[in-house]
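Fold and contact review
Here is what each chain is made of, one letter per residue.
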Amino acid sequence: MVRRTLFFFFLTIFSALLASCSSSGGKTVSVNMREFSFSPDNISVPAGAEVTLNVKNLGALDHNFHIMLIGSEINEKWEEEDEASAFLNLEILGGGDARTVTFTAPTTPGTYQFVCSVPGHFQQGMVGTMTVTEPE
C-alpha cells in the first residue's frame, strides 16, 4: 500500500515537472485593424516562440496583414517583390472578419515591420512593428 502511494506521489510530481519543462513558451497576440491603423501597433514576441496571432478587422474597408522579414521594410507602397519579403502573409479580411494563425517567431531578435498592403492604407499609417526579443 505504501509503495503504491509513493509510486503515485512520484508519478504526480514527475508529470508536473514534465509539463512545466515541455511548455513551448507560446504567446498569444491580438491585433485589431481599422481605417487606417493597427491596435496595438507594436507587439513583442520571444525569438523562436510559437505565436498564436488573432487578427480582427473592426473597420468597414478590406484590410490585410503582412509581417516583413527583418531588414525588409515598405517605404512607399506595396509592390510585387514585397510579398516575397514577407515573413507572414494574411490575405484580405473584410469588415468584421477575423482570422487566427499560429506561426513560429523568427529566431533573430530585432524589429520587424507589419503592414496592410491594400493600396493607400500603408501610406495612411497602417504600419506597426513586431519586436522579437531574446527568449526568456
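Everything quoted here is computed from the prediction, not taken from an experiment.

Quick notes on the rules
Residues numbered from 1 in each chain as written. Predicted model: local features only at pLDDT ≥ 70, side-chain atom pairs only at ≥ 80, totals over all residues. Heavy atoms only, no water. Patch = residues over 30% accessible without salt bridge, like charges linked within 9 Å, V, L, I, M, F, W, Y side chains within 5 Å. Areas by Shrake-Rupley, 256 points an atom, 1.4 Å probe, with all protein chains shown as cover. Salt bridge = Lys/Arg side-chain N within 4 Å of Asp/Glu carboxyl O. Lys, Arg positive; Asp, Glu negative; His and termini not counted. Charge placed at Lys NZ, Arg CZ, Asp CG, Glu CD. Helix = DSSP H or I, 4+ residues; strand = E, 2+ residues; numbered from the N terminus. Pairing = 2+ DSSP bridges. Axes fitted to C-alpha atoms, helices over the stretch in contact; angles between N-to-C directions.

Considering a negative patch on the surface
- Together, Glu76, Glu79, Glu80, Glu81, Glu83 and Glu91 make up a negatively charged patch on the protein surface.
- Here the negative patch takes three residues from helix α2 (residues 80-84), the largest share from any one element.
- Assignment of secondary structure puts Glu80 in helix α2.

Section: the sheet that holds strand β7 (residues 98-104)
- Overall, mixed pairing links the four strands, which are arranged β2-β1-β4-β7 in an open sheet. Of all strands in the sheet, those with a lone pairing partner are β2 (37-39) and β7, marking the two edges. Adjacent strand axes in the sheet meet at a mean angle of 25° when their direction is disregarded.
- Sheet analysis places strand β1 (residues 27-34) next to strand β4 (residues 50-57), joined by seven bridges and oriented parallel. Paired with Ser30 across the two strands is Asn54, which belongs to β4.

Describing the sheet that holds strand β5 (residues 63-68)
- Read across the sheet, five strands follow the order β3-β9-β8-β5-β6 without closing on themselves; strand pairing throughout is mixed. The open sheet terminates on both sides in strands that have one partner only, identified here as β3 (42-46) and β6 (86-93). Within this sheet the neighbouring strands show an average axis-to-axis angle of 20°, counted without direction.
- Examined bridge by bridge, β3 and strand β9 (residues 127-133) share five bridges and lie parallel to one another. Paired with Asn42 across the bridge in β9 is Thr129.

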